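As a plain string of letters, each chain reads:
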Amino acid sequence: MRRERVVCAMSGGVDSSVAAALLVAAGYEVVGITLEIWPARSPEAMAHHNGCCGLGAVEDARRVAERLGIAHYTLNMREAFQRAVIDPFRAEYHAGRTPNPCVNCNRFVKFDTLLAAAGDLGASILATGHYARIDDRDGRWRLRRAVDPRKDQSYVLYGIDPRVLGRLRFPVGELTKDAVRARARALGLLTADKPDSQEICFVPGDYRRIVGEAPPARFCDLAGRDLGPAPPITHFTVGQRRGIGLAGARPYYVVAIRPGRIVLGGREDLEVRRFELDDLSWIEPVPEDRDLEVMVRAHGTGVPARVELTPTGARVWARSPLSAVTPGQAAVFYDGDAVVGGGRIVAVPVRGGCGSEVAPSRSGRTGSPGD
Amino acid sequence: MPQRIYLDHAATGPVDPRVFEAMRPWLSERFGNAAAVHRRGQEARAALEAARAQVAALIGAGDPADLIFTSGGTEANQLALVGLSRPGGAVVTSAVEHASVLEAARALASLGRVHRQLPVTSLALVPKEAVDEAGVGPGDLVSVMLVQNEVGSIEPVRAIADAAHRRGALVHTDAVQAAGSWPVDVAELGVDALSLSAHKFGGPQGVGALWIRPGAPFAPLFAGGAHERGRRPGTVPVALAVGMGEAARLARIELPERAFRLSRLRDRLLREVRSRVRGVELNGPEPPERSPGNLNLSFEGIAAGILLVRLDLEGVEASAGAACASGSTDVSHVLRAMGLPPGRAQSALRFTVGTTTRPRDIDEAARRIRRAVAGIREGRGVAREA
């Protein structure tokens, strides 16, 4: 009998290497795929860094596939990546927000374009090395946190279309990172001791090279006082302390970014209980009038909150203060360890300062500012 | 596991067993440096010169000494472009040359020489009047390939050479895809230089040749020794050259039957695929005005990269565009130059048959191609309804 074919996205790192190995051990016909996302001769493609996209990563994935005795190919997804990840990444910075490119990559590249490619290759299932779990207890597909809380990546997966969950597998989501590394060593995989990637996968080095130039800005404080010239807004993110270069009675933090203006305040000024989302995506039924937990960054713990739907998205009411809620990042809702859904943080009310609030632009695949 | 079917002979092919036998002693007991003084070296030199004569005979070159062995087609093209172009002169190529010609021309352009491209028709053919229209002049070098590697068109090299010569230019042709399945004769083609690669006609990888018309002003690319009369320093790999020589000898003798056989197989594949799969278009000229072993087909609505992988999983080995890039499948410059609509260019695969392809391979390949294409199309239909 013919074995069931599974496509495993292989980034060249240890997690997807072990994911592929686990599928091989489970008896699937595994086809390893590495995505090409940069123009072939760009510095990003040539870089031998620890991210998931350069030539070095392709070579690592190929060697792992060889070791596992599975087929391996690279697929050109440059166009999809440019449109769904890089263009919005750039546009968000210029709009004064701090994007999370992994969210869009997962939503529009991996679990859309790549999933379709897997179907074209005759594979019923797409697997990746993400730390998250999928199950269908009580007849409904659910996306849950990984077993290893330190590595849990469910936050960046909230945008997955729930209808495709049944075709996805996250084999390492059931394991701790230590177990994954041990498994990789036992299999003799060269990626076993590769360091975890810390930077944005497609940005080896300074993200500002990708983001491009922006005009200089000005600093001000919450009382509206001008504090002098500032680097472009693309150099800042809410909650940032470094790179301000101004001496005050207390350390300054970026509390808001507005067109041409960086609003500075104290640490306590970063705390909010209410903020707005757009570009919502739900895995479970829309959760009004339910107590949930909300996470506003990839790591850490959730805070109890309620969600109120608005004409343009949703308003989040957190039951305890959250610090440095950053426009552009995702807010993700959990019910226990199950991902309910999430959206993009677009407006965080900050009273005072200078300049006008950034008008929320429609996000999504094009993400161009002002459309 | 069903047998895999290899339909990528334009990329490379198996070494002919007779060639392998001819090479064997030169890799073991008869090793020797053809530049050495001692008897072992003399024997190697004799074998090398015999091989040179065999390759010369394949292309109708009167004096084997006009032939330089190289590491392959890419180096031969590079040597020709760098060695025959002149400061102040333009390098004029067709828009559908192999990357080794185009990139060499671009490299020369970056050093200040002018690079001009001749346009092609929708069949990838350089129009005969293109040389005149491009304003080719004395001191220029024109390089147009004989057989186009992706779509198999046969370029009018003779007419181009005549036009270029009338205007005082030199002419090079990349005949890498021609040798072994299409007549190659330097006198008939009227060119000043011609590139070959052994592994495209039953010889080993890693060896090629550049023929240069005696008297053509050639400046070597490398310095470092008197090998190949100083035109290409470096120890000549005797076994590879012997292999190329034997492959050339066999290709010359067997050309008519090979060309006939390949075109029959090619026609059969075209017929079988057309009859089984809908939405198939042939890119490049209709046979017989086409390289005997080459088919280039577009499959409506399916990206070439994904079909290539699906076919590999089904056991059919083909290629998307030229195989030289790192497995990437950006739209080929050839299909773009032909002006194909983007969708058609993005869905183009090349199937090339060779001397070891059997008729039953063709039938099985057509079945698998049908299965792969139908699998993709049906899978998408199901996915939409789910």
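Source: prediction; values computed, not measured.

A. Here's a closer look at the packing of helix α2 (residues 39-58) of chain B against helix α8 (residues 238-276) of chain B. Residues and elements named next belong to chain B. Viewed as axis vectors pointing N to C, α2 and α8 meet at an angle of 35°, and their least axial separation amounts to 8 Å. The handedness of the crossing between α2 and α8 comes out as left-handed. Between α2, through A44, A47, L48, A50, A51, Q54, V55, A57 and L58, and α8, the contact on the second element is made entirely by V238, A241, V242, M244, G245, E246, A248, R249, A251 and R252. When grouped by side-chain class, the residues that make up the contact of α2 with α8 number 14 nonpolar, two polar and three charged.

B. A look at the sheet that holds strand β10 (residues 253-258) of chain A. All names here are of chain A. Read across the sheet, four strands follow the order β9-β8-β11-β10 without closing on themselves; strand pairing throughout is mixed. Two strands bound the open sheet, and with one partner strand each, they are β9 (226-230) and β10. Across the sheet, the mean angle from the axis of one strand to that of its neighbour is 30°, orientation sign disregarded.

C. Examining the packing of helix α3 (residues 73-84) of chain B against helix α4 (residues 99-110) of chain B more closely. Residues and elements named next belong to chain B. Where α3 contacts α4, the axes come no closer than 9 Å and their chain directions differ by 35°. In the crossing of α3 with α4, the sense of the turn from one axis to the other is right-handed. Residue-level inspection shows G73, T74, N77, Q78, L81 and V82 of α3 in contact with α4, the latter providing S100, V101, A104, A105 and L108. Looking at the contact of α3 with α4 residue by residue, the classes come out as six nonpolar, five polar and no charged.

D. Quick peek at the domain arrangement of chain A. Residues and elements named next belong to chain A. Once the domains are mapped, chain A shows domain 1 (5-186), domain 2 (214-268) and domain 3 (271-347). Relative to domain 3, the C-alpha centre of domain 2 lies at a distance of 26 Å. With four residues of domain 2 in contact, the opposing surface of domain 3 contributes four residues. Considered class by class, the residues forming the side of domain 2 that touches domain 3 number one nonpolar, two polar and one charged.

E. Representation of the domain arrangement of chain B in the model. Residue and element names in this part refer to chain B. Along its sequence, chain B is carved into domain 1 (5-13 + 255-385) and domain 2 (60-235). For domain 1 and domain 2, the distance between their C-alpha centres works out to 28 Å. Facing the 27 residues of domain 1 at the interface are 24 residues of domain 2. Sorting the residues of the side of domain 1 that touches domain 2 by element identifies α8, β10 (294-299) and α10 (333-337) as the ones contributing at least two each.

Conventions and cut-offs
- Residues numbered from 1 in each chain as written.
- Chains lettered and ligands numbered in written order.
- Predicted model: local features only at pLDDT ≥ 70, side-chain atom pairs only at ≥ 80, totals over all residues.
- Axes fitted to C-alpha atoms, helices over the stretch in contact; angles between N-to-C directions.
- Helix = DSSP H or I, 4+ residues; strand = E, 2+ residues; numbered from the N terminus.
- Left-handed = near helix turned anticlockwise from the far one by under 90°.
- Contact = placed C-beta atoms within 7 Å.
- Nonpolar A, V, L, I, M, F, W, Y, C, P; charged D, E, K, R; others polar.
- Pairing = 2+ DSSP bridges.
- Domains from an automatic or database assignment.

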